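One-letter residues, chain by chain:
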Amino acid sequence: MKTLKDVKIGHKANVIKVHGEGPVRRRIMDMGITKGVEVYIRKVAPLGDPIELNLRGYALSLRKADAEMIEVE
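Since the model is a prediction, treat every value here as computed from it, not as a measurement.

1. Side note on the pairing of strand β1 (residues 12–18)
Line of reasoning, step 1. Sheet analysis places β1 next to strand β2 (residues 38–44), joined by three bridges and oriented antiparallel. Looking at the pairing, Asn14 lines up with Glu38 of β2.
Line of reasoning, step 2. Summarising the sheet, β1 and strand β5 (residues 70–72) pair through three bridges and their orientation is antiparallel. The residue bridging Val18 from the neighbouring strand is Ile70, located in β5.

2. Observations concerning the pairing of β2
Line of reasoning, step 1. Here β2 pairs with strand β3 (residues 51–55) via four bridges, running antiparallel. Within β3, the position partnered with Ile41 by the bridge is Leu53.
Line of reasoning, step 2. The turn linking β2 back onto β3 is made up of six residues, and Gly48 within it adopts a positive phi angle of 95°.

3. Points about the sheet that holds β3
Line of reasoning, step 1. Read across the open sheet, the five strands follow the order β4-β3-β2-β1-β5; overall the sheet is antiparallel. This sheet does not close on itself; its edge strands, each paired only once, are β4 (58–62) and β5. Neighbour to neighbour, the strand axes of the sheet diverge by 45° on average, direction disregarded.

Cut-offs used in this document
Residues numbered from 1 in each chain as written. Predicted model: local features only at pLDDT ≥ 70, side-chain atom pairs only at ≥ 80, totals over all residues. Heavy atoms only, no water. Pairing = 2+ DSSP bridges. Helix = DSSP H or I, 4+ residues; strand = E, 2+ residues; numbered from the N terminus. Axes fitted to C-alpha atoms, helices over the stretch in contact; angles between N-to-C directions.

Keep in mind these numbers describe shape, not what the thing actually does.
Structure, rendered in structure tokens:
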């Protein structure tokens, strides 16, 4: 299983599934990360956390712990 955390800077990935439970999963989905969305990895912070993404026409910063819950292809 490849997660969003594994995608390299400058590459795109499509979301297959959002794992996790309850409010954490709901928060991720409320940010626009849902099945079928194309996500572009823009950059990673100097210490490796968070990751900056572009999706649905806006920029989003996401912690690596949350990025591990997002399965991509």
